[in-house]
Every structure is written in C-alpha cells, then in structure tokens.
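Observations on chain architecture
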Amino acid sequence: MKLTGHSLSFKRGESLIFSEINFSINSGSICFVKGANGSGKSTLMRLLVGFLKSETGSISLDNQDITNDREIRAENFLYLGHENVIKPQLTVIEQIFFWQGVSQNTYDFKSDPMKVNSILRKKLYQCSEGQRRRVALTRLSIEKKRFWFLDEPTASLDDNNIQLFKESLKNHCNNGGSAFIATHDNIGIKPSFEILLSIQKSLTEQNDPFI
Amino acid sequence: MKPYIYILSHEMKFSTNGKSLLLSTCFFIIIILTTSISVSQFGVETSATSVAILWVALALSALLSVKVMFQIDFDDGTLDWLMLSPISLETIIVLKAITHWLTTCLPMMVLTPLVCIPLGITFDSALWILLVMLIGTPAISFISTIGAALTLGERGSHLLLSIFILPTFLPILLFGIKISMLVTNSIYDSSAFLILLAISLVCIAITPFITSMIIKVHYT
Amino acid sequence: MHKSKRSIWEIANPKRFVSISGKLIPLLAIVTIFSLGLGVSWGIFFTPNDFRQGSAVKIIYIHVPSAFLAINIYIMMLITSIIWLVRRHHVSLLAAKAAAPIGLTMTLVAILTGAIWGKPIWGTYWVWDPRLTSFAILLMFYIGYISIWSALEYNEKVGDLSALLCIIGSIFALLSRYAVLFWSQGLHQGASLSLDKEENISNVFYLPLLVCLFGFFSLFLTLLLIRTRTEIRIKRMSSLMRRNSEK
C-alpha cells in the first residue's frame, strides 16, 4: 500500500501554517516529520488523519483519493497525539479491554510488546507519566492499523521503553505497516523519508481581507 | 459484543462511577423540596404549579451533567480516537445521549412518584406524568448534546451552556407540563401526547447531525 | 437585509463595505431623522384619539415598528449567518454580530411599550398572550446569541458556532412558538387581546404608522452599518497588530 500526499497546505485564520507538502510512503517505511516548535508538526499530523481540512492538495491511498473518505481512513489510520487517550479512573487492564472491545482486536498479553503485564491492576492515575505513555502505546499493537501517525510518541519514556517502542515499530514495519512520526530527535531509527517543516513567513497581508 | 455496546458500558461506568449521577438526582430532590416547602408555608395551593416545578427541576438537573459529556473525551484525546474508529461520530453522540438519559433522567423519573407526595400529586397522576416524561425526557438528553458540543473546549462555560440550552427545552417543557397538568385533572388529550412524541422524535432524529456538525467545527 | 442588492457580493469585501457604507451612513441618517420625526410627530400630534382607547393608542407608532424590527432582525441574522456558513464572507458574519444587540434592544422596546400600552387597555402590564410569549422567547434567543459572542473571542470557529447557534435558535424558537399557539387555541378571545391592528386600523392611523415603520427600518440600517463598520475596524486592528507582531 502506498500513501501519497500531494501539495498539501493549511491555513489557520489568515496565517499559513505550511504549504506544498508532498510525500509518498510505501508499506514498511517510516517517515519523520521534523521542524522547530510551532512549525506545524502536530497540525500536519492532524491534517493527515483528517481532523483538519487541507486548504489545497489531496491525500491518496493506492491512487485512490481519500482526502474526504472517513471510512477508509478509519480503517487504516491510527493517531496518537500528545494526549494518552486514557481515563485515569480505570485500571490498565480495563483500559486495554475497552480498546479491544471497540476495535474488535486483541492485545497479545503473551508477548506483551509494551511490558504492561506488571501494572495491569494499577489504576491509571497511580501510574507514572512514563507508564501511562507505555499504556497509550499498547493501543498501537491492539488496533492493528496499517498507518500510524504518532506525535512525539517517545515523550516521557526512558531509554528502556524507547527500546520497546522501537521494537514494536520495527515489528509493525516488517508486517507491512508504515508510520509517520513527528519528533525532535532521531530515536536511533533511520527514516526512509523526512518531511522538514519550517516556520512560514507570514502571508497575512495578501490573504487577510481586513488589511 | 458490538463495539458500541463497549462504548455504552464504558460511558455508563464513568457516569455512575463519578459523582454526577448522585449529584444531579440530589439537586432534583433539593429543588423540589425547597420550592414546595417555600410555597407551602404561604398556604398556596401547590398542585397547580407543582407539575411545572417537577418538570423545570428535571430540566435544570439534567443540565448539570451535560458539560462533561464531550469535554473529558475532548481533553484526553478519546474523541480524536473515536473519530478514527469504525463508529461514526453521530453514533457516538447517540450513545452519549442515551448514557445521559440512563444516568440522569432515568433516576429522576424513578424518584418522581416519590417526590410527587410533597408536591401534592396523586399516585395515579404521577404514573401518567411518568409516561409523559418517558416521552419527553429523551429529547432533553438529545438536545443537551448540542449545548455540550457548543461549549466544548471552553473552561467554566457552565453558565453559557445553560443560557443556550434551557430555552431550547421550551417546546418539550410546554407540552410536557401542559399534558401533565391536564392528566392531574383527569383529562387525557391524546393528540397532545402524539405531538409531544413527534417533537421528541424529531429532536432525537436531527440533533445527532447538528451536534456532529458543531463538533467538527471544533476540529478546524 | 442590506445585502439583498444586485451587487451583493461586492460589498462582501470589508474594505469595499467600509467605503460604500461610509457614503451611505450620512444619507441614511438624514432619512432616518426626517422620517422618524415626521412619522412620530404626525402620529402623536396630528391623529385623532381612538374612540375606545383614547390617546393610549398612539404608542403604536413606537410599539409596532420596534416589534416588526425585533422579528425581522432575527431573520436577517439567520440569513447572514447562513451566508457566512456557505460563502465565508466575514462582513456577513460581522453584520449578524452587529445586528444582535439592535434586535435585543428592539425586542425590549417592543415589550416595554407593549406593557405601557397594556396597562390602561387591558388593566395589566403583562398577559401570557401567544404574541407576548413569542417575544419573551425571542428575547431568550437574542440573549443566547449575544452571550456566545461576549463569552468567546472572535475567530472563525466562534463565527461558525454562533451561526449554528442562530440556526438552531430559530428552529427551536419556531417550535416553541407553535407549542404556545397549540395550547392557546380556544383559550383566548382573539381580536380584543390581539395586537394585530393592521386589519382593523383606519387610514388616519395607517399612514403615519407606515412612515414610522420606514423610519425605524432606516434607523436600523444606519445603526447596523455603523456597528458593522466598528466590528470591521476592530477586526482590522487585530489583524494589523498581529502583522506588526510577526514582523
């Protein structure tokens, strides 16, 4: 499967966040989205999964235009932003069971890629920030979607856990999946493609009808 | 089990785990007791206004738990995740409204025959009023989703939400109160029943789409 | 409603709107002063007293036009909100925002003059007549619309929300109105409590009333243009400030 983005751009209000984003990602490859703070990494991620509408351009999957196709995106895309998508009142296992139920998939507790077996009975509000992120990352292996869109996935993870994440990322790519990762530093992974965002010079004047 | 059963039970667990179930039901009882106590001290005939008190108390208490409907999911990213799940946003809104009804309106309705005693409504009329509420309250839960969506992401906008939403309860309240009043006087107006049912069903049918439109606005 | 001209989308450009409205405002202001002065003084001083209501009837020259505007301003807000949702013209949205307080004021004026009129005629300031109830409902939806603007900061998202709120409000206002009408059937005695004077009004009252209606309408247009210009300038100011901060 091949995901292609063609001259994507996004405006917030009257200011341009980014423009002319082109990429083409094959199965099994990883794409890094890099750039300084405020250059629109998160915005690009949210745009790719369809939470935001791009101003121009299109996204297509195997030459099929999916810019406005919610169903195909829901089938193939997984998004993990800064938020962990967890409810602090739940125990880890309740949270995992909930994800399993909604996505109709199962987490492989035997191999346990994110090593959560030891904290299964712990309430999520008792977990440390790093443990919560780890739980959040188990969702990646539960949902079994082809394209991962991860926004700073390794935030608040220690080196051991980053290693775990890299393992499961490698696994994912070997099974024909791909990943978009917005990040500041290469976490020891060689990406096959890189999108570099820079802070746009403002185009306010020509776009703002009020000036 | 289908995924939406999971979501429903998940939602139910949160609404009952948290204090909102108890709180809005307590608020309901408190409104009714304070108003009926203060009215009774002046020797005023309560039964004329008691039905109105009952309905308005129900509407106000129902509003209490509306704000958290989408707010928590919006903050912790769950709404993002649900939007990329196989379940459509409209279905999620319907599930939220059903949860709201089950956890907020239903407990109050269960208490209705009980609170009818201080309000001076007979048990027979109370059962009829319960039937009217059964028709009217689902619409209240569904309309509430509009307010929850409108004030999404705005901290401390409880008041704002009530300002928008309370007037939109008016069609339901107008019919609900009037039919209940007629029922306490042993007049059974079937056409009014049917119109209330129609308004209720129309609200249930259109609000998920309106609400999903509003939520999508928050994603721009 | 100023948008129903042929050159409709030309004035959608804020700069164009400001320059056109700048020329229109003095003209409209003169027309307003003239027609309101003529209409109100004609109505109050040069029409005979009603044989039943006496001089109290003369309040219709304020009451009827303000009630007329109160309803129509909401419809205008609805139309401009829809235009905003469909065509994304900021002026349209700002016009709806600017019109809301005028509409609220007109609703209040209509209710107050109605109460003043009602006291000598009906013996009470307020009855739950369907029409009075409708105005109470209208008042609530004006308050709802204005409160979203006052609570949240101006941006496109809030614009969308306010436009949707306006549409939802009109749906539920209509529903409530019909709910009120449903129950008032057979309860009221119609004409004697009805405020609808147009049917049985004679020409002596009718002509000055028409002038007053026109005067109020032109007053609304003047205020709307002034307020919309203010809104545009506020928006322009924040745009300029943002541009400066970006440099």
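One structure accompanies this document, and this report is about it. Along each chain, residue indices are assigned from 1 in the same order as the chain's sequence is written. Both sets of labels track the order of writing: A upward for chains, 1 upward for ligands. It should be noted that, the model being predicted, local features are given only for residues of pLDDT at least 70 and side-chain atom pairs only at 80 or more, the latter also being counted only at that level, while totals for whole chains, interfaces and linings use all residues. For side-chain calculations, the full set of non-hydrogen atoms in the structure is used, while hydrogens and water are omitted.

Bringing the overall build of chain A into the picture now. Counting its secondary structure elements, chain A contains six helices and nine strands. As a reference, a globule follows 2.2 Å times the number of residues to the power 0.38, and the radius of gyration itself is taken over C-alpha atoms. Rg of the C-alpha trace for chain A: 18 Å, near the compact-globule value of 17 Å for 211 residues, within the 12% margin. Residues classed as buried in chain A amount to 56% of the 211 residues present. By definition in these notes, contact holds between two residues if any of their heavy atoms fall within 4.5 Å. Looking at chain A alone, contacts between residues at least 24 apart form 70% of all its contacts between residues at least 6 apart. Working definition of accessibility: Shrake-Rupley area with a 1.4 Å probe, residue cover restricted to the visible protein chains. When the accessible surface of chain A is split by element, carbon and sulfur atoms take 46% of a total near 9,400 Å². Helical segments are the DSSP runs of H or I of at least four residues, strand segments are the runs of E of at least two, and each set is numbered from the N terminus. Partly exposed residues are those whose accessible area sits between 20% and 50% of the maximum for their type, while under 20% is buried and over 50% is exposed, using a 1.4 Å probe and protein chains only.

A few words now on the sheet that holds strand β1 (residues 2-12) of chain A. Residue and element names in this part refer to chain A. Note: two strands are recorded as paired if DSSP finds a minimum of 2 bridges between them. If you walk across this open sheet you meet the four strands as β2-β1-β4-β5, and the pairing is antiparallel. The open sheet terminates on both sides in strands that have one partner only, identified here as β2 (15-26) and β5 (64-65). Looking at chain direction, strand β4 (residues 56-61) and β5 are connected through two bridges and run antiparallel. Each residue of the ladder has a partner; that of Ser60, found in β5, is Asp65.

So, on to the interface of chain C and chain B. Facing 23 residues of chain C, the contacting portion of chain B comprises 27 residues. Summed over both partners, the accessible surface that disappears when two parts come together, traced with a 1.4 Å probe, is what is meant by buried area. Counting the surface chain C buries against chain B, the share from its top three residues, C:Lys157, C:Phe172 and C:Trp183, is 28%. By definition here, a salt bridge exists when the distance from a side-chain nitrogen of Lys or Arg to a carboxyl oxygen of Asp or Glu is within 4 Å. Across the contact surface, chain C and chain B share zero salt bridges. Looking at the side of chain C that touches chain B, the elements that each hand over two or more residues are α4 (130-151) and α5 (156-184) of chain C. Of all the elements, α5(C) adds the most residues to the side of chain C that touches chain B, at 13 residues. Residue polarity is assigned by list, with Asp, Glu, Lys and Arg as charged and Ala, Val, Leu, Ile, Met, Phe, Trp, Tyr, Cys and Pro as nonpolar; anything else, Gly included, falls into the polar class. Taken together, the residues of the side of chain C that touches chain B sort by class into 18 nonpolar, three polar and two charged.

Once that is clear, we can look at the sheet that holds strand β3 (residues 30-35) of chain A. Residue and element names in this part refer to chain A. Strands sit in the order β6-β7-β8-β3-β9 across an open sheet of five strands; the sheet is parallel. Here the strands that pair on one side only, and so sit at the sheet edges, are β6 (77-80) and β9 (193-197). Ignoring strand direction, the axes of neighbouring strands in this sheet form an average angle of 15 degrees. Looking at chain direction, β3 and strand β8 (residues 178-182) are connected through four bridges and run parallel. If you follow Val33 over to β8, its bridge partner there is Ala182. Think of each axis as a best-fit line through the C-alpha atoms, taken over the contacting stretch in the case of a helix, with angles from 0 to 180 degrees between the N-to-C directions.

Next up on the list: the packing of helix α7 (residues 123-150) of chain B against helix α9 (residues 170-184) of chain B. All names here are of chain B. Interaxial distance between α7 and α9 falls to 9 Å at its minimum, and their mutual angle equals 175 degrees. The pairing of α7 with α9 is recorded here as roughly antiparallel in orientation. Contacts between α7 and α9 involve Ser125, Trp128, Ile129, Val132, Gly136, Ala139, Ile140 and Ile143 from the first element and Ile172, Gly176, Ile179, Ser180, Val183 and Thr184 from the second. Grouping the constituent residues of the contact of α7 with α9 by class yields nine nonpolar, five polar and no charged. Here is the rule for angles: anything less than 35 degrees is roughly parallel, anything more than 145 is roughly antiparallel, 65 through 115 is roughly perpendicular, and the remaining ranges are oblique.

This brings us to helix α2 (residues 60-87) of chain C. Given 3.6 residues per turn, any residue in an α-helix points the same way as the ones three and four places further on. The span you would expect from a helix comes to 1.5 Å times its residue count less one. A rise of 1.5 Å per residue sets the reference length of α2(C), with its 28 residues, at 40 Å; its end C-alpha atoms lie 39 Å apart and thus fit the reference within 8%. C:Arg88 sits one or two positions beyond α2(C) and adopts a positive phi of about 55 degrees.

Our next topic: the environment of A:His184. Residues and elements named next belong to chain A. Within the secondary structure, His184 is located in the loop between β8 and β9. Residues His184 and Glu152, 32 residues apart in the sequence, show an inter-C-alpha distance of 7.8 Å. Apart from the residues lying within four places of it in its own chain, the contact partners of His184 are Lys34, Gly35, Asn37, Lys41 and Glu152.

Moving on, we come to unusual backbone geometry. With phi around 65 degrees, A:Asn63 is a residue other than glycine that occupies positive phi space. A relative accessible area of 78% places A:Asn63 in the exposed class. Even without glycine at this site, C:Arg88 takes up a positive phi of about 55 degrees. Tracing the backbone through its elements, the reader meets C:Arg88 in the loop between α2 and α3 (90-122).

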